[in-house]
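The residues making up each chain are set out below.
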Amino acid sequence: MAWPALPRAGRTVVTAGLGAGLVVGALLGLTDPVSRVSGYDWVRCLLIGAVRGGALVAAGYVIVWPLTSRRTRSEVQHEPR
């Protein structure tokens, strides 16, 4: 049995959430006082914050996906062929 494909709306939500997580994480990374020391530290904090934000959104998706996929699978199984 193949895994069900994520619908277009679902892909849009995941992509938007990942993008928002990257941006918010990067901005929060720049609030670190170390980022004001030099250009190198500014870029480092920006990248580390973006990675943390993206990882947080990805972890949230991994937790939420099984809950939403059950509903999607049950709707697909009841469709007439």
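Residues numbered from 1 in each chain as written. Predicted model: local features only at pLDDT ≥ 70, side-chain atom pairs only at ≥ 80, totals over all residues. Heavy atoms only, no water.

Things to note about the overall build of the chain
- Helix and strand content of the chain: two helices and zero strands.
- In the chain, which comprises 81 residues, the share counted as buried stands at 17%.
- Contacts spanning at least 24 positions in sequence make up 55% of the contacts within the chain whose residues lie at least 6 apart.
- Summing over all exposed atoms, the chain offers an accessible surface of approximately 6400 Å²; the carbon and sulfur share of this is 70%. (Helix = DSSP H or I, 4+ residues; strand = E, 2+ residues; numbered from the N terminus. Buried < 20%, exposed > 50% of the residue type's maximum accessible area, 1.4 Å probe, protein only. Contact = heavy atoms within 4.5 Å. Areas by Shrake-Rupley, 256 points an atom, 1.4 Å probe, with all protein chains shown as cover.)

Structural notes on a nonpolar patch on the surface
- A cluster of nonpolar side chains, namely Trp-42, Val-43 and Leu-47, defines an oily patch on the protein surface of about 280 Å² accessible area.
- Mapping Leu-47 onto the fold places it in helix α2 (residues 39-77). (Patch = residues over 30% accessible without salt bridge, like charges linked within 9 Å, V, L, I, M, F, W, Y side chains within 5 Å. Salt bridge = Lys/Arg side-chain N within 4 Å of Asp/Glu carboxyl O.)

Let's talk about the pattern of salt bridges
- Enumeration according to the criterion identifies one salt bridge in this entry.
- The partner of Arg-44 in a salt bridge is Asp-41, and the shortest N-O contact between them spans 3.5 Å. Of this pair, Arg-44 and Asp-41 both sit in helix α2, three residues apart, roughly one helical turn.
- The exposure class of Asp-41 is buried, given its relative accessible area of 13%.

Quick look at the environment of Ala-55
- Within the secondary structure layout, Ala-55 lies in helix α2.
- In this structure the C-alpha to C-alpha distance between Ala-55 and Leu-22, which are 33 residues apart in sequence, comes to 8.6 Å.

Concerning helix α1 (residues 8-29)
- With 22 residues, α1 ought to run about 32 Å at 1.5 Å a step, and its terminal C-alpha atoms sit 31 Å apart, in line with that.
- Taken together, the buried positions of α1 are Gly-10, Gly-21, Gly-25, Ala-26 and Gly-29. Viewed along the axis of α1, the buried residues span an arc of 130°, placing them on a single side of the element. In α1, the exposed residues that point more than 90 degrees away from the buried face are Arg-8, Ala-9, Val-13, Thr-15 and Leu-27. (Expected span 1.5 Å × (residues − 1). Arc of directions from axis to C-beta.)

With respect to the environment of Ile-48
- Turning to its location among the elements, Ile-48 is positioned in helix α2.
- The class for Ile-48 is partly exposed, based on a relative accessible area of 33%.

Concerning the environment of Arg-44
- With relative accessibility at 32%, the residue Arg-44 sits in the partly exposed group.
- Here the alpha-carbon distance between Arg-44 and Gly-29, two residues 15 residues apart in the chain, equals 8.7 Å.

Describing the side chain of Ser-35
- Of note, Ser-35 is situated in the loop between α1 and α2.
- Within the structure, Ser-35 has its side chain in polar contact with the backbone oxygen of Asp-32 (distance 2.7 Å).
- Not counting residues up to four positions away in its chain, the partners in contact with Ser-35 are Gly-29, Leu-30, Asp-41, Trp-42 and Cys-45. (Polar contact = N/O pair within 3.5 Å; in protein donor to acceptor, adjacent residues only side chain to side chain.)

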